[in-house]
Amino acid sequence: MGYAELQSIHVHPVKALRGFSPREAVVEPWGLAGDRRWVLIDDGGKVVTQREQPRLALAAAEPMPGGGIRLSAPGHEPLTVAVPEPTVTVPVDIFGTKVEAVLAAEAAHAWCSAYLGAGARLVHMDDPAARRPLDPDYARPGETVSFADGYPLMVTTVASLDSLNSLIAAGDRAAEGPLPMNRFRPSVVVAGTEPWAEDDWSRLAIGEVEFRVTKPCARCVVTTTGQDTGVRGREPLRTLGRYRRFGQSLLFGQNLVPLSPGVIRVGDPVRILA
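As the structure is a prediction and not an experimental result, all values here were calculated from the model. (Residues numbered from 1 in each chain as written. Predicted model: local features only at pLDDT ≥ 70, side-chain atom pairs only at ≥ 80, totals over all residues. Heavy atoms only, no water.)

Within a regular strand, side chains alternate between the sheet's two faces. Pairing of strand β14 (residues 203–206) with strand β15 (residues 209–218) involves four bridges; the strand directions are antiparallel. Bridging across to β15, R203 finds its partner in R212. Here β14 folds back onto β15, and the loop between the two strands holds two residues, one of which, G207, carries a positive phi near 60 degrees. Where β15 meets strand β17 (residues 249–258), five bridges bridge the pair, whose relative direction is antiparallel. Looking at the pairing, P216 lines up with Q254 of β17. (Pairing = 2+ DSSP bridges. Helix = DSSP H or I, 4+ residues; strand = E, 2+ residues; numbered from the N terminus.)

Counted under the stated rule, the structure contains 11 salt bridges. With a shortest N-O distance of 2.4 Å, D149 and K15 are connected by a salt bridge. One end of the pair, D149, is in the loop between α2 (128–131) and β12 (153–157); the other, K15, is in the loop between β1 (5–9) and β2 (24–28), with 134 residues separating them in the sequence. The shortest N-O distance in the salt bridge between R265 and E24 comes to 3.2 Å. Highlighted residues: R265 in strand β18 (residues 262–265) and E24 in strand β2, separated in sequence by 241 residues. Using a relative accessible area of 45% as the deciding quantity, one classes E24 as partly exposed. (Salt bridge = Lys/Arg side-chain N within 4 Å of Asp/Glu carboxyl O. Buried < 20%, exposed > 50% of the residue type's maximum accessible area, 1.4 Å probe, protein only.)

Now the structure itself:
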């Protein structure tokens, strides 16, 4: 491996909505500061993502001072949502796990429901240190996560995406490629590695912040959704199924847990420690 560095950082304040790419970010025990602290739920309390509503890709959430967010989407006036007071919590079902969260203001529910054309409520995780423990099969005592799929951060590499796009182009549906990295919604993207080098990582440092690698990231239908169009295709799952199938999982990227807090910045060196 040559010189590896942090190419980009991606923070998604609301799970499943478009995020933003800052030049630096604070790493907290449960993920990047401000990342996936909000999520939409349906009338039954179940999390709503692009799996069910691909048009969420076209809605955006920008951070505001004090932890609030500004929602925007085509055809809808933007709405600023403040962090709700944690006086009353509601149960949230995230992939079969129950987590308590705080309801946002009614205006936020109305905005989200109008955009989706279905009942939706916006909720906020007030205390990531206490609300959602990691999967005990991969966790150490006390480790928690926000509303991310399962782990505080997810890393991908430029070289692996280039390799995947080459495999897609070699198939008979090359018109679907090349795919951009935002299909995979990573937290951090590393440049300067060999393709699929991340398969062998168990511990790394980005700048001065160390992380352990918990497990590869199994990919779902969200990766087939154009993040600029909300339209679904067949890639990359079709090609991952041919070349990156391990058991029942189609893999791209690695899940990370921070071993220390700190700040990471675009351009930081990435060192593989084990």
